[in-house]
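Residue strings, one per chain:
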There are 2 protein chains.
Amino acid sequence: MKKYFLIFSLLAFCKVSAQQSSANLTLMPWPKSVEINAGQFRITSEFTVNLTGQKDDDILEEAANRFLQRINRNTLAYFKQEKIELNQSLSSSSLQIKVDQKVEPGIGLDESYQLSITDNGVHLSAPTTSGALFGLESLLQLVATDSVGFYFPAVEIKDSPRFGWRGMMLDVSRHFIPMDILKRNIDAMAVVKLNVLHLHLTDDEGFRVESKVFPKLHEKGSKGQFYTQEEIKDLVTYAKERGIMVYPEFDLPGHSTSWFAGYPELASAPGPYEPGHRYKVKEGASMQEAMQVIMKSALPTLDPSKESTFKFLDQFIEEMSSLFPSPYMHIGADENNGLAWLENPKIAAFMKQKGFENAEELQAYFVERMHEILSKHHKTTIGWEELYNADLSKEVIVQQWGAIGANRPNAMEIAQKGNKVLISKGFYLDYFLEAKAHYNNPNIPKEVHPNILGGEAALWSELVDENGFETRAWPRTAAVAERLWSPESVNDVDEMYRRLFILEDKLEENGLNHKLNSERMLSALANGQDISAALKVLTALAPARGYGRLLSQFVAAESKKYQSVPLVAIEDLVACDYKEAWVFKTNVEEYLQNRDDLVKVRLLNQLEEWNLASSKITQLITKAPNPKEFAIYADRLSKVTEIGLKSLKSNSSREQSEEWLKELKTFKQRGDKLEIQILPQIEALISAGMKN
Amino acid sequence: MKKYFLIFSLLAFCKVSAQQSSANLTLMPWPKSVEINAGQFRITSEFTVNLTGQKDDDILEEAANRFLQRINRNTLAYFKQEKIELNQSLSSSSLQIKVDQKVEPGIGLDESYQLSITDNGVHLSAPTTSGALFGLESLLQLVATDSVGFYFPAVEIKDSPRFGWRGMMLDVSRHFIPMDILKRNIDAMAVVKLNVLHLHLTDDEGFRVESKVFPKLHEKGSKGQFYTQEEIKDLVTYAKERGIMVYPEFDLPGHSTSWFAGYPELASAPGPYEPGHRYKVKEGASMQEAMQVIMKSALPTLDPSKESTFKFLDQFIEEMSSLFPSPYMHIGADENNGLAWLENPKIAAFMKQKGFENAEELQAYFVERMHEILSKHHKTTIGWEELYNADLSKEVIVQQWGAIGANRPNAMEIAQKGNKVLISKGFYLDYFLEAKAHYNNPNIPKEVHPNILGGEAALWSELVDENGFETRAWPRTAAVAERLWSPESVNDVDEMYRRLFILEDKLEENGLNHKLNSERMLSALANGQDISAALKVLTALAPARGYGRLLSQFVAAESKKYQSVPLVAIEDLVACDYKEAWVFKTNVEEYLQNRDDLVKVRLLNQLEEWNLASSKITQLITKAPNPKEFAIYADRLSKVTEIGLKSLKSNSSREQSEEWLKELKTFKQRGDKLEIQILPQIEALISAGMKN
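Residues take numbers from 1 onward in each chain, read along the sequence in its written order. Labels are handed out in written order, letters beginning with A for the chains and numbers beginning with 1 for the ligands. Residue-level local features of this predicted model are given only where pLDDT is at least 70; pairs of side-chain atoms are given and counted only at 80 or more, and the full residue set underlies all totals for whole chains, interfaces and linings. Values shown for side chains rest on all heavy atoms present in the structure; no hydrogens or waters enter the calculation.

Per an unreviewed UniProt entry, the recorded name for chain A is beta-N-acetylhexosaminidase, and the organism is Jiulongibacter sediminis. UniProt positions are given in the numbering used here, feature names are shortened, and annotations may be inferred rather than shown by experiment. The annotation that UniProt attaches to chain A under Sequence similarities (unreviewed entry) is "Belongs to the glycosyl hydrolase 20 family." The Catalytic activity (unreviewed entry) comment attached to chain A in UniProt states, word for word, "Hydrolysis of terminal non-reducing N-acetyl-D-hexosamine residues in N-acetyl-beta-D-hexosaminides."

Below, the structure is given as C-alpha cells:
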C-alpha cells in the first residue's frame, strides 16, 4: 500500500486545463467527458441526499441508501440523515439526484448520467435508474481527502458507455464457486459499471443448478455442489439491485458429461457417465498423444437425432426461463468435434436421412432447434462462435472467444453480415495475462458497429477454485470494464495502471478478498513463519502466462482429480499484475530515456530489495515443506536481480552482456508454473548498457 | 507471524516424560490425557483412510472426506485416495477410523475418542459419531512439519470433555450477521470442539427469522435483514454435519420491540413500534439521566395478561419447533424491569385478579406459561438467569450471565437446588477482555455437579457488525472452548497463549477472517498508505475493556443509529489480545525475576519498535482524516514507551519514578475507546527499577 510518486503525462482525452490533470481522480472506468474545476464540496455529517425519481423505483432508492452507507463507511462521517426516501422534495440537500425513468438493468438502455459538483452542492441526473447507479459509483470514486477531511472535487462529468453489453462470464462448473463469492464479485462488477453476469452453469465437470423438472441433472451431475433455485433467485435479485443482469449458459451439445450422469439417454454414446473431465488421457501420455485425444476422439456429446432430446430440452428450458428473467440465454455450442455423432450408426442414419453431409451441418441443425425452443420461451439465443454459420438466424448473438478453426470470421465480419456479436476473445482471465493485455485488446474494433454489442471478461475455472477465485478475477476485470465503457481514445496503459492499483485497494477495503486470499494461502504455505520476504518476492513474479499449465493438467496424472484438490499452491496465489513490477517497468523506461541518476537509484533500490527478499526464501523452506517449488523461482529472481544490479552499476562488455542475456533466457522454461515478471526490463537494461 | 522462542514450563497435567514436552503440540482444547512417544507417521500422497462405522452414518463419512481435503490443503500431498467410503474394509489404510454408534450432535452423548499414532499407522476410535469428529479435529491439529515434510507425531490420546454443553451465543439481532460469516464461525467452532450454537434471533433491534405463520414479524421487524426458513435449514444442516447443534432464542417478555412492529397488540403499551433501541435517552443527556431511563422507565414489553398473547406464542413456537430440530429452545426472560406492566391498568387488574403482588410474580407466571407451550412442542426451556425463582420448574435450564440484582444465586447454588445451569457469566466476548480473563473464568466451579451442563461464550452485537464480527469472536472463543472441554487442571495461561496464537493463524489460513478483516478496516482508514507502522502500534493497544463504550452509546446522540452506521473505526478493529503484547509481558516477568541482560535487550528492542512505529502515525494522519483518534493513542504509546525505555536503561530516583507512574495514570481515562495494553508492564518495570 505504499504510495509511489509517479510521473505521468497529461491525458489528451479528458478536458483538463494546463494546470489541472486527472492525477487526483481515480475514476475507473474513465468517463466520456470530465471537466475539472477549482473548488470542492466538503463531506460532513450534515451531508444529505434528496432523491427524485419515479414512484416505487426500489432499485434506485436502495442504491442511494447503500451509497450513503458506503460513504459513511469510507469517511466515518456518520451522517445525520439515516435513510433516503424517494421524492421527499428536500430542496436544500447536499446531493440532488434526479432520475427520469424507472428501469431494470438490461441491454439497450440509456445508461448515461451527468454529475456536477461545485462548492455549493452535488447534482446527479440520469435518464434511467441504471444511469443513476453508474453515477453513484462515479461519485463514490470521487471521494478525496486532504488534511482537513473528505470532499468531492469540483467536476463536471458527462458520461455514457461505449458498449451497452459489459459482462463477466464465470465458469462455476469446473469448480463450484459459493454464493458469497459470487455476491462479492457482483459488488465489484457494479463498482466498474459492468452490467451483465453470464453464469456458465453446466459443463462436463458439473451441473450447478437445481432442476425440479429433471432433478437427476443436479443430483447426479454436481457431486452435491449446485445452487438451489432459491439461491439463484436471490442472486438474480441481488445483481438486479446493483444494476446487473444475470443470464445462464447451458452448454450443449458438447461439454455435457454432467447432464448424462443422470440422463444417459440424452447422449450419443451409451453410459454410464460421471461428472468429470471429458478428455480421457492415459496416465503418462505425451503432450502430443494428449492433443490427439482432445482433437481426435469421440467425446461425450448430446444426441440431436432423437426427438425426445428436444422434448427434454424444451421442458428444461421452460423451467430455466422462468428462473432467469433475463431475455437472454446461452446454449454454448462450442468445441464439439462431432466424432461422437459420426461413430453412432443411428445418428449417421439420421444425418443421411436429413441430407447432412458432415457434423457441422448436424451442429447447425441442433443450433436451429435450440433457437426455436428458446424463442418459444421468449429468450434470445447466444452461443459461442462455433455456432456461427452463413445460414444462422440473424436473431442469434455470437460470442467470439478465439476458437481454433480455419477461416473464422472476426467480430466485425460477423456484425457486418447481420448477427450481433459479443467479444470475449482477448478477455480470457484464465490465460493469466497482465491487465494491459486485456486493456488494449486488439479484438475490439476501433470503429463502432451497432451489431457489436460489447464483450465479456471470461474466467474459466479449471485452474481456479474458491480459494483463488477473487485473486484471478480482480483487479484485471476492471481493465476490461474500462475498455468496454470508456471511449476508444482512453488507452494509456500507465494511466490505467495508476488508477487500477488504487481501485484494487478500494475493492479490497470494501469487501473483496483478492489480495487477502492470496496472503492467506501464502501464510498457510509458510507454515506460520513471517511472510514479508515471500510477499516481496511475489511482486517480481507472475503465473506462467497462457494455457501451458492447463494443457499439462490434461496429460498429468493429477488432472483426473484436479477438481477435488484445493488450488492453494504458489502458482494459485501469485497475481498477474503487481504494482511494484509496474513501477519498476516505468522506472526502467524513464531511465532508458534520460539516464537520470535519481531514477537509477530507485532502480537499484528495487533490485536490492528483491534480491534480499529472494535470498530469504531458502530459510523459509527449512520450516515449511510446501514452498519448495517457490524457492526455485526465488532463486531465479535472486540471479536475475544480481545480473540487473551488475548491469546497472557499470557498462559491460558485449561478451558479458550477451552471456547475461543468454543466462536470462534459461529463467523461462517450458513447463514453468511461474514467470519472472521483471525479466524483459532486465533484458532491456542489459541491452542498453552494452558497450558497442 | 513471526516465531518467538518461548520458554515455558513442563505441564503437570499431561503425561510427558522428562525429555518430552507439549512444546511441539498445538492441540486446543488440550486433551484429557496425552502421551508423547518417540516416532512419527509420515504424510505422503499414499496416505489412505479406512472408515468403519454404522450404515448410512453420513455425518461421519462427510467429516472424514472433509478431513482428507483439509489435510490435502495443509500439506498439498494430493492423496491418491480421492474419496473415503464407509465400510470398505481397507485393512491396509494408514488411518483406521472406527465408530460404534451413529449419532447426531446433541447433549448427553459420549463424546470421547482415542487416538493412537505410531510409526506404523494411525488409529482413531470413538463410541459415537461426535467423538470421531472431535478426534479428527485433534488429528488435524497434530499435523507437524520438519525439513523433510509433514507427519503425525507418535502420541496416545485419550480424550473426553469436562462439560457436555460447550456453546457459543451469537446475537444476530442488534446487528445482522450474514450466513457466510455464521458458517465460517461454525467451521471455527468445530475446530475447538464446541458443540452448541445458540442464536439470539430476536431483540428490540431486529427480528431475524422468517415466520410464515406471522409474516409481519420479519417483514416489519427486521428492516429486510432476516434469515429465510430455507437458510435456517441449511445452517442447521451445515452445523449438524460439523458436530454442532443449533438452537434458537426468542427473547421475551422484554427485548421485544421488533415483535411489536408487526403485532403491536402483543405489547403492554399501544404502538406504533419500530425495530430499534428500546432506551429512549434524550440527546445530550448525562450518564446519570441515561441510567435512570434504562432502569426506571417503562420499556417495550409483552403483555402476558391477554390469553391471545399465549395463543399467538403457541402458534409461533409450533412453527419454530419444526424449523429448529434441537430439543432446546431459549425464551430470554432477561432484563424486564416490569414497569410497563405496572403502568397498564388492564395488566394491573389482571395481576390483582391473579393475586400477583409484583412484577416478578407476573414474570414467573409468564415463564410458566412459556414453559408449558415449549413442553407441548417437545422443547426444553432455557432462559437467562432472571427467570430463576424458587418455584421454577426443575425442567427449565438457567443460563447465568451476571445480571444485576440482590441475592442472585450462583451457578452451583442453582444446580444444587435442582435446576440445570449454563454458565455465560465471565464468557462475555463483548466486554472486550483478554482471552485469559475467560480462560480462568472464576464462575466455572472447580468441583463438578451434574446439573452444571457447561457454558456458552456470548457475543452481543451492539458494538459489532459483520465487519468486525470475526475479529471479536476469535480467537478468544478458543480459550472458552478449552475451559469447557479440558480438565480443570489445564489452566496455565502462558501455555494457553502459546497454543492460541498458533491456532489463530491456522483458523485464518483455513478461511476465518478475524485478522484479515482487521487489516482491511485499517487499510481503509489509512486511505491507501502503508499500514505497517499502524499494525505495529495496534499490537500494544487494546479496546477499552468492559461496558463503558456500550453505556456511552446509550447516551450519545449517535446511539440512535448505531445499527445503521458501519462499525469500522479504530476501536472496532483493534484486537483484544496481541502476541507481541503477550511476549512483552512474559519478557517483563522473566526480567523482573532474573534481571537477565539478554531479556533486557529483547525488552528494549520491543519498546524501541513500538516507539518508532507510534511516531509514524503523525505522518499517516496527514493523508488520512480518519485515524486522528488513533493518533491520540499512538501519541500515548510513544510517551509510555519512552518512559519504559528510560526506566529500563537506568535506575531512577523515587521522585522520578513516582512522577512517571503519575504520568502513566493519565494515559487511561474514562471515555477512552482504546487502552495501552502494555501499561501494567511498564508500571511494573518502573516500580521494580525505583531506587529506595
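Additional details are given in the paragraphs that follow.
1. What to know about the pattern of salt bridges
A side chain with one charge may pair with a side chain of the opposite charge, provided their charged atoms come close. Salt bridges are defined as contacts in which a side-chain nitrogen from Lys or Arg sits within 4 Å of a carboxyl oxygen from Asp or Glu. Taken as a whole and judged by the stated rule, the model has 78 salt bridges over all chains. Between K55 of chain A and D56 of chain A there is a salt bridge; the shortest N-O distance is 3.5 Å. Using a 1.4 Å probe on the protein chains alone, a residue whose accessible area is under 20% of its type maximum counts as buried, one over 50% counts as exposed, and one in between counts as partly exposed. Looking at D56 of chain A, the relative accessible area reads 47%, which means it is partly exposed. The salt bridge involving E571 of chain B is made with K673 of chain B; its shortest N-O contact spans 3.6 Å. Of this pair, E571 of chain B sits in helix α20 (residues 570–573) while K673 of chain B sits in the loop between α24 (654–665) and β18 (674–676); the two residues are 102 residues apart in sequence, bridging distant segments of the chain. Residue E571 of chain B is classed as buried on the basis of its relative accessible area of 7%. A relative accessible area of 27% places K673 of chain B in the partly exposed class. Each of D171, R174, D203, E205 and E462 of chain A takes part in a single network of salt bridges with overlapping partners. Counting from the N terminus, the helices are the DSSP runs of H or I reaching at least four residues and the strands are the DSSP runs of E reaching at least two.

2. Things to note about a nonpolar patch on the surface
Residues and elements named next belong to chain B. What goes into a patch is any residue over 30% in relative accessible area without a salt bridge, connected to like charges within 9 Å or, for nonpolar side chains (Val, Leu, Ile, Met, Phe, Trp, Tyr), within 5 Å. Areas reported here follow the Shrake-Rupley algorithm with a probe of radius 1.4 Å; residue values treat only the protein chains shown as occluding. On the surface, M287, M291, M295 and L551 cluster together into a nonpolar patch covering about 310 Å² of accessible area. Sorting elements by how many residues they give to the nonpolar patch places helix α7 (residues 287–296) first, with 3 residues. Locating M291 in the fold gives a position in helix α7.

3. As for the interface of chain A and chain B
Taken together, the contact between chain A and chain B spans 51 residues of the former and 51 residues of the latter. With both sides pooled, the region where chain A packs onto chain B buries about 4,400 Å², and carbon together with sulfur makes up 51% of that total. Between the two partners, chain A and chain B, sit 0 salt bridges. Polar contacts, as used here, are pairs of N or O atoms within 3.5 Å; protein pairs need one atom able to donate a hydrogen and one able to accept it. Residues neighboring in sequence count only if both atoms are side-chain atoms. Viewed at the interface, chain B and chain A are joined by 18 residue pairs in polar contact (both at pLDDT 80 or more). We call two residues in contact whenever any of their non-hydrogen atoms come within 4.5 Å of each other. What counts as buried area is the accessible surface, traced by a 1.4 Å probe, that two parts surrender upon association, with contributions from both included.

4. Quick word on the UniProt feature "active site" (unreviewed entry) in chain A
Residue and element names in this part refer to chain A. The UniProt record annotates "active site" (unreviewed entry) at E335. With respect to the helices, strands and loops of the structure, E335 is situated in the loop between β12 (328–332) and α9 (339–343). Note on E335: relative accessible area 34%, which makes it partly exposed. Non-local contacts of E335, meaning those with residues more than four positions away in its chain, are made with H255, R278, Y279, E386 and W401.

5. Section: the domain arrangement of chain A
All names here are of chain A. Partitioning chain A into structural domains gives domain 1 (33–159), domain 2 (165–258 + 303–489) and domain 3 (516–689). Residue ranges assigned to the domains are those given by an automatic or database domain assignment. Using only C-alpha atoms to locate each centre, domain 1 and domain 2 end up separated by 34 Å. Taken together, both faces of the contact between domain 1 and domain 2 bury some 1,500 Å²; the carbon and sulfur share is 56%. When the buried surface of domain 1 facing domain 2 is broken down by residue, P105, I107 and F134 rank first, second and third, together holding 39% of it. At the junction of domain 1 with domain 2, the criterion picks out 2 salt bridges.

6. Some details on the pairing of strand β8 (residues 165–171) of chain A
All names here are of chain A. With 7 of its 7 residues buried, β8 lies for the most part within the structure. As paired strands, β8 and strand β9 (residues 196–203) are joined by 5 bridges and run parallel to one another. By the bridge assignment for β9, M169 is matched with H198. Crossover handedness for the path β8 to helix α3 (residues 179–191) to β9: right-handed. Any two strands between which DSSP finds at least two bridges are classified as paired. Handedness of a crossover is defined as follows: with both strands directed away from the viewer, a clockwise route from the first strand across the helix to the second makes it right-handed.

7. Notes on the environment of H449 of chain B
Residue and element names in this part refer to chain B. Along the chain, H449 turns up in the loop between α13 (435–439) and β16 (452–459). Exposure remark for H449: the relative accessible area of 18% places this residue in the buried category. Along the backbone, H449 and A411 are 38 residues apart, and their C-alpha atoms lie at a distance of 9.9 Å. Excluding residues within four positions of it along the chain, H449 makes contact with M412, A415 and Q416. There is a polar contact of 2.9 Å between the side chain of H449 and the backbone nitrogen of N451.

8. Describing the pairing of strand β5 (residues 121–128) of chain A
Residue and element names in this part refer to chain A. Two elements, strand β3 (residues 95–101) and β5, share 6 bridges in a ladder whose sense is parallel. Residue pairing across strands places K98 opposite S125, the latter belonging to β5. One ladder, built from 5 bridges, connects strand β4 (residues 113–118) with β5; its direction is antiparallel. Along β5, the bridge assignment pairs Q114 with S125. In this structure, the hairpin formed by β4 and β5 is closed by a connection of 2 residues.

9. So, the confidence of the model for chain A
Residues and elements named next belong to chain A. For every residue, the predictor reports its confidence as pLDDT, a number between 0 and 100. Per-chain confidence: chain A averages 93 in pLDDT, with 96% of residues scoring 70 or above. In the model, residues 1–21 has pLDDT below 50 throughout and makes 45 contacts with residues more than four positions away in sequence or in other chains. Taken together, the chains of this predicted complex give a pTM of 0.93 and an interface ipTM of 0.91.

10. Looking at the relation of the copies chain A and chain B
The copies were overlaid by least squares, fitting only the C-alpha atoms of residues that reach a pLDDT of 70 or more in each copy. The two copies are related by a screw operation: chain A maps onto chain B through 180° of rotation and 0.0 Å of translation along the axis, at an RMSD of 0.1 Å. Here the two chains are linked by the operation of a two-fold rotation axis. Most of the interface of chain A is mirrored in chain B, where 100% of its interface residues are also at the interface.

11. Observations regarding the packing of aromatic side chains
Pairing of aromatic side chains here covers Phe, Tyr and the six-membered ring of Trp, requires ring centres within 6.5 Å, and sorts the geometry by plane angle: under 30 degrees stacked, over 60 edge-to-face, intermediate tilted. Per the counting criterion, the structure on display carries 55 aromatic pairs over all chains. Ring plane angle 50° and centroid distance 6.0 Å describe the contact between F47 of chain A and F152 of chain A, whose orientation is recorded as tilted. Taken together, the residues span a long stretch of sequence, with F47 of chain A in the loop between β1 (33–42) and β2 (49–52) and F152 of chain A in strand β7 (residues 150–159) at a distance of 105 residues. Judged by its relative accessible area of 0%, F152 of chain A falls in the buried class. Ring geometry for F250 of chain B against F316 of chain B: centres 5.0 Å apart, planes inclined by 85°, an arrangement best described as edge-to-face. One end of the pair, F250 of chain B, is in strand β11 (residues 245–252); the other, F316 of chain B, is in helix α8 (residues 307–323), and 66 residues separate them in sequence. Take F250 of chain B: its relative accessible area is 2%, and that puts it in the buried class. Here a set of aromatic residues connected by ring pairs shows up, and it is made of W384, W401, Y428, Y431, W460 and Y547 of chain A.

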